[in-house]
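Observations on the model geometry
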Amino acid sequence: MRHFFVVTLLVVSVFLSGSSMNAWAVTTINLENISGSGKRAGSLKVIDGRIDIGSIVSAFSLRTSVDIMGDRLDLVGDGGSCRLLLGSPLVLSRGLFAVLTEPFDTVNGNMSVPLDFLTKGLPSVIGKSVVFDQQKQSLLMGPEGSGSFKGVSPDKLDRYASFIQRDQFEPYTREESSYGGLRVVVLDPGHGGRSDGARGGTGTLEKNLVLSVSQKLKNMLEEDLGVKVVLTRTADYYVGLKERTAIANNNRADLFLSIHANAAFRKEVRGYETYYLSFSASDLEASQLAQIENRALGVEGDARETPLLEAILWDMAQLEFINESGKLSAHIQEALVESLKGRDRGVRQAPLAVLMGARMPATLVEIGFISNPAQEITLNRDSHQNSIARALVDAIVDYNRNLIPGEAMENRP
Amino acid sequence: MKKVLKMLGAGAVVVALVIASIVIYRLMSGYEPVPSTVRGPGTALDEPRVIDLYFADADGRRLALEAREVMVQGVEESVLQSVSELLAGPRKKNLSATLPEGVGVRSVYFRDGIAYVDLTSNLSSNHPGGSWAELLTVYSIINTITENFAEVARVQILIGGRERETLAGHIDISRPLPGRVQLLAGDWR
Ligand SMILES: [Zn+2]
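Just so you know, these numbers come straight off a predicted model, no measurement behind them.

About the cut-offs
- Residues numbered from 1 in each chain as written.
- Chains lettered and ligands numbered in written order.
- Predicted model: local features only at pLDDT ≥ 70, side-chain atom pairs only at ≥ 80, totals over all residues.
- Heavy atoms only, no water.
- Pairing = 2+ DSSP bridges.
- Helix = DSSP H or I, 4+ residues; strand = E, 2+ residues; numbered from the N terminus.
- Axes fitted to C-alpha atoms, helices over the stretch in contact; angles between N-to-C directions.
- Core = buried A, V, L, I, M, F, W, Y, C linked by side-chain atoms within 4.5 Å.
- Buried < 20%, exposed > 50% of the residue type's maximum accessible area, 1.4 Å probe, protein only.
- Contact = heavy atoms within 4.5 Å.
- pLDDT = per-residue confidence, 0-100.
- Phe/Tyr/Trp six-rings, centres within 6.5 Å; stacked < 30°, edge-to-face > 60°.
- Lys NZ or Arg CZ within 6 Å of the ring centre and 35° of its normal.
- Parallel < 35°, antiparallel > 145°, perpendicular 65-115°, else oblique.
- Left-handed = near helix turned anticlockwise from the far one by under 90°.
- Nonpolar A, V, L, I, M, F, W, Y, C, P; charged D, E, K, R; others polar.
- Expected span 1.5 Å × (residues − 1).

Remarks on the sheet that holds strand S4 (residues 63-66) of chain A
All names here are of chain A. Spatially, 5 strands are ordered S4-S5-S6-S7-S8 in an open sheet, and the strand pairing comes out antiparallel. Because the sheet does not close on itself, it has two edges, and the strands there are S4 and strand S8 (96-99). The average angle at which neighbouring strand axes cross in this sheet is 25°, direction not considered. One ladder, built from 2 bridges, connects strand S6 (residues 81-85) with strand S7 (residues 90-93); its direction is antiparallel.

Let's talk about the environment of Gln182 of chain B
In this structure, Gln182 of chain B sits in the segment after strand S8 (177-178). Considering only alpha carbons, one finds Gln182 of chain B and Leu63 of chain B, 119 residues apart in sequence, at a separation of 8.9 Å.

A look at the nonpolar core
Among the nonpolar cores identified, the biggest contains 71 residues, and Leu119, Val138, Ile145 and Ile157 of chain B are the most heavily contacted of them. Top element by residues in this core is helix H4 (residues 131-146) of chain B. It accounts for 8 residues. With residues near it in sequence (within four places) discarded, Ile145 of chain B still touches Val79, Val83, Ala115, Val117, Val152 and Val155 of chain B. Counting residues in each nonpolar core, the second largest holds 40 residues, with Val185, Tyr272, Leu328 and Leu392 of chain A among its members.

Details of the confidence of the model for chain B
Residue and element names in this part refer to chain B. Taken as a whole, chain B shows an average pLDDT of 80; of its residues, 76% reach a score of 70 or greater. Long-range and interchain partners of residues 12-17, a stretch whose pLDDT sits below 50, account for 9 contacts in this model, where long-range means more than four residues apart. In the model output, the complex is listed with pTM 0.65 alongside ipTM 0.76.

Describing the packing of aromatic side chains
The geometry of an aromatic ring pair is captured by the separation of the ring centres together with the interplanar angle, meaning the angle of the planes. Enumeration according to the criterion identifies 1 aromatic pair over all chains in this entry. Centre to centre, the rings of Tyr109 of chain B and Tyr116 of chain B are 5.9 Å apart; their planes meet at 40°, and the pair counts as tilted. Judged by relative accessible area, which is 22%, Tyr109 of chain B ranks as partly exposed. The ring of Trp132 of chain B has Arg345 of chain A lying over it, and the distance from NZ or CZ to the ring centre is 4.6 Å. A cation over an aromatic ring shows up here: Arg180 of chain B above the ring of Tyr139 of chain B, its NZ or CZ 5.1 Å from the ring centre.

Side note on the confidence of the model for chain A
All names here are of chain A. When the pLDDT values of chain A are averaged, the result is 77; 72% of them are 70 or greater. Taking the mean pLDDT of every element in chain A, the minimum, 36, falls on helix H1 (residues 2-20) and the maximum, 98, on strand S18 (residues 362-369). Of the regions scoring below 50 in pLDDT, residues 294-310 engages in 45 contacts with residues more than four places distant in sequence or in other chains. Residue range residues 406-413 is modelled with pLDDT below 50. Its contacts to residues more than four positions away, or to other chains, number 16 contacts.

A few points about the packing of helix H6 (residues 206-225) of chain A against helix H12 (residues 382-401) of chain A
Residue and element names in this part refer to chain A. As a packed pair, H6 and H12 sit with axes 9 Å apart at the nearest point and diverge in direction by 50°. By the criterion of interaxial angle, the relationship of H6 to H12 is oblique. The hand of the H6/H12 crossing is right-handed. Counting all contacts with H6, which are made through Leu209, Ser212, Val213, Lys216, Leu217, Met220, Leu221, Asp224 and Leu225, the residues of H12 involved are Asp382, Gln385, Asn386, Ile388, Ala389, Arg390, Leu392, Val393, Ile396 and Val397. Looking at the contact of H6 with H12 residue by residue, the class counts come to 12 nonpolar, 3 polar and 4 charged.

A word on H4 of chain B
A rise of 1.5 Å per residue sets the reference length of H4 of chain B, with its 16 residues, at 22 Å; its end C-alpha atoms lie 22 Å apart and thus fit the reference within 8%. Counting buried residues along H4 of chain B, 16 of its 16 residues qualify, which places the element largely inside the surrounding structure.

Topic: the packing of helix H10 (residues 322-340) of chain A against H12 of chain A
Residue and element names in this part refer to chain A. Where H10 meets H12, the axes come as close as 8 Å, and the angle between the chain directions of the two elements is 140°. By the angle class used here, H10 and H12 are oblique. In this structure, H10 crosses over H12, and the sense of that crossing is right-handed. Here H10 contributes Glu324, Lys327, Leu328, His331, Ile332, Ala335, Leu336, Ser339 and Leu340 to the contact with H12, which in turn contributes His384, Ser387, Ile388, Ala391, Leu392, Ala395, Asp398 and Tyr399. For the contact of H10 with H12, the residue count by class is 10 nonpolar, 4 polar and 3 charged.

Written as structure tokens, this is what we have:
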């Protein structure tokens, strides 16, 4: 069984590297022992930012075992073992979990893990600490026994619900962009089901209004720009906030746009607002540590607590895209105010739950106050909903045009 | 290749189990109720103090202050009184309330620089919704506490004795938040 699995892996990876090699960036990472002579001890194959599992198994002479269901892979080395679940970003070792930036998965037929597996999971298997030197593209391994597993206990796992939820997952195919770097847009009609959202004086429900606008926008984006559009809900049912972000992440969306209708304590308040995520000073401070770890596949931390670090990485996922999110918000706000002649209440930043963890430029737009009687009436008009959708298409086109070429892709995780 | 396909299918099953187990775990791990504040015996008499309450301005674009005198004694009692004043709404005509009517404070608990403010569950059910109204509610509570009581660095809002993801679907209150004093100037960035 074990041998069969390893052979399968190798055959699969050889087969694929032959067939679709040209579309993928294939590089290698050299392995070096810090304690030993420092000479090369092998290399790992990196395909488009992910490491081929087969090359890890052979480079470190690991033993593997697959459970009867065929979706659980145990890697066993001199230092211990870890377990991976197909389609899940979790690494399990000694009863603790670590969360990878992407799942262990078959991406274009190639079974692979994201780069951070090397520092998060591998140390517990080979019993050595692991440091990634990005400049040299080298993996530096510490002395025997220095490797440890920095996981979280299962009770911390609910923080990662959006990484784990995989219902809406569609396998990643890297197609040519349909509209200047834009391939997939995820639209999120706010609320739904038991969550009505805001309610207008004559009974208009936010959840119905925003679904209608989202569907119009979906049609326009598909017809005009030819991009793929995924809705986080297509009817009146409840979808959790983290689940919405997960749908965007799992679809590898290039943009995430959450569509809401606003409310105020005073009826007179009206106009348009666009929001993107805010971070507090303490968030930013903590994220610096996390980013060092995440980007450079970091130093084997000693004093740093992994559970905290993992939580920060999740909360901070949007930070990497915050400038783009700000620009997108500005374009949306401008388009709404100009084309609909509404009151400009500005672009704002707030800790919006639905935007946290989004790994792409992400915005929440409030298309008007249904608590304002006049605006409630206009929002119900089909023609006005079309105008809103049209303004949002224009905003997305403007945003995309103003991107530095290649910027959107470079910022992808 | 067959194997790989089979693995993908089974992966979905196991992930469903993972999700289920998380849900079960969440259900089983009960929330530890926040102890209500009880005034200790033999403490000193209340002292009057002027605090700034954070309401919304009439235009609904920024937070605005109203000074009010409360009798304070200890952080928890003081926070409780301030939030109660906030819940009562503004007295100045040109200010707007930031909380729905009829909401009460269940308890206040202070530990390690964080004030836990537990409000009755009608804060959610009576809330008008909308990012704007929710922002006002959250930051009028947080700012009123952090800007008046230096001991409090961050505020965790609880609803009906429980930690909630949001009040009405927008602003994340699942963790303690620091104040944003610049909202007084209408600076929302
Ligand atoms: Zn909403």
